[in-house]
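Fold and contact review
Each chain, letter by letter, is given below.
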Amino acid sequence: MYAKRKFDKEIDNVYGSKADTAAPANNTTLEEMKNSLPTLKNLHAKTGYAKLESSELYSVGAAEAKTFAYDTDNYTKANSVFYRSSFSSYRNLAHNMLHEFGHGVHYFNGDYYRYLKGGNRTDKQLQNWKEQYAFKFAFDNGGLPYQNNAWYLINK
């Protein structure tokens, strides 16, 4: 077991003994969680109020969630989709939301657009840069140490 960081303590305070049990896989759960956990409530505004939605799909590839941005507004508006696997526990969902909010902030503040337009980069370079940003964002906001994540270690 790892030492609990700030964000896990928030999850425990809100969800108590059910923090590590399955969460209902629906939009209501996403809204309630976003509004109940102080970190998520604060950070959602910094995403430009990215749209949050649940999906009936279990996952897409290895992803439990994905955040999309649109080029019609220079990629500043985002939509986060949380697949059923994200709802395996309230804690897992909260950590996935924190990570996806990292992508949302990244889009909303223009960093993604500047990086995209800043040079010739492969799709893999762009993907790696986006994920590194989101993992570090989550860690900086009280989430799990990104240095221990298998994806991060392989692609850093």
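Just above, that's the structure.
What you see is a predicted model, and the numbers here were worked out from it, not measured in a lab. Sequence positions are assigned chain by chain, starting from 1 and proceeding in written order. Thresholds applied to this predicted model are a pLDDT of at least 70 for local features of residues and 80 or more for the giving and counting of side-chain atom pairs; totals over whole chains, interfaces and linings are not thresholded and use all residues. With hydrogens and water stripped out, all remaining heavy atoms of the structure feed into the side-chain values.

**Side note on the environment of Ser-54**
Numbering of helices and strands runs from the N terminus, with a helix taken as a DSSP run of H or I at least four residues long and a strand as a DSSP run of E at least two residues long. On the secondary structure map, Ser-54 appears in strand β1 (residues 51-54). Residues count as neighbours in contact if any of their non-hydrogen atoms are within 4.5 Å of one another. Beyond its immediate stretch of four places on either side in the chain, Ser-54 contacts Ala-25, Asn-26, Asn-27, Leu-30, Phe-82 and Phe-87.

**Regarding the pattern of salt bridges**
When a carboxyl oxygen of Asp or Glu is within 4 Å of a side-chain nitrogen of Lys or Arg, the pair counts as a salt bridge. In this structure the tally under the stated criterion is eight salt bridges. A salt bridge links Arg-91 to Asp-20; the nearest nitrogen and oxygen atoms lie 2.6 Å apart. With Arg-91 in helix α4 (residues 90-108) and Asp-20 in the loop between α1 (6-15) and α2 (27-36), the pair connects residues that are 71 residues apart, well separated along the chain. Since its relative accessible area comes to 9%, Arg-91 is described here as buried. Burial classes follow relative accessibility: with a 1.4 Å probe on protein chains only, a residue under 20% of its type's maximum area counts as buried, one over 50% as exposed, and anything between as partly exposed. You can call Asp-20 exposed: its relative accessible area is 54%. A salt bridge links Asp-140 to Lys-136, with the nearest nitrogen and oxygen atoms 2.8 Å apart. Residue Asp-140 and its partner Lys-136 are located together in helix α6 (residues 123-140), separated by four residues, close to a single helical turn. Note on Lys-136: relative accessible area 39%, which makes it partly exposed. Connected via shared salt-bridge partners are Asp-8, Asp-12, Asp-20 and Arg-91.

**A word on the nonpolar core**
We define the nonpolar core as a collection of buried residues of types Ala, Val, Leu, Ile, Met, Phe, Trp, Tyr and Cys that are connected through side-chain atoms lying within 4.5 Å of one another. Core analysis: the largest hydrophobic core is formed by 23 residues, its most contacted members being Met-33, Leu-37, Leu-40, Phe-82 and Met-97. It is α4 that provides the largest number of residues to this core, a total of seven residues. Residues Ala-50, Tyr-75, Tyr-107 and Tyr-112 belong to the second largest nonpolar core, which totals eight residues.

**Description of the packing of helix α3 (residues 38-46) against α4**
In a pair of packed helices, the angle between the axes and the distance between the axes together describe the arrangement. Every angle, taken between N-to-C directions, lies between 0 and 180 degrees, and every axis is a line fitted to C-alpha atoms, over only the stretch in contact when it is a helix. Interaxial distance between α3 and α4 falls to 8 Å at its minimum, and their mutual angle equals 20 degrees. When the axis of α3 is compared with that of α4, the two are roughly parallel. Of the two elements, α3 crosses α4, and the hand of that crossing is left-handed. In this structure, α3 contributes Thr-39, Leu-40, Leu-43, His-44 and Lys-46 to the contact, and α4 contributes Ala-94, Met-97, Leu-98, Phe-101, Val-105 and Phe-108. Under the scheme applied, nonpolar residues are Ala, Val, Leu, Ile, Met, Phe, Trp, Tyr, Cys and Pro; charged residues are Asp, Glu, Lys and Arg; polar residues are all the others, including Gly. For the contact of α3 with α4, the class distribution of residues is eight nonpolar, two polar and one charged. Angles below 35 degrees are treated as roughly parallel, those above 145 as roughly antiparallel, those between 65 and 115 as roughly perpendicular, and all remaining angles as oblique. For any helix crossing, the convention is left-handed if the near helix is rotated counterclockwise from the far helix by under a right angle, and right-handed if that rotation is clockwise.

Any functional reading would require information that these geometric values do not contain.
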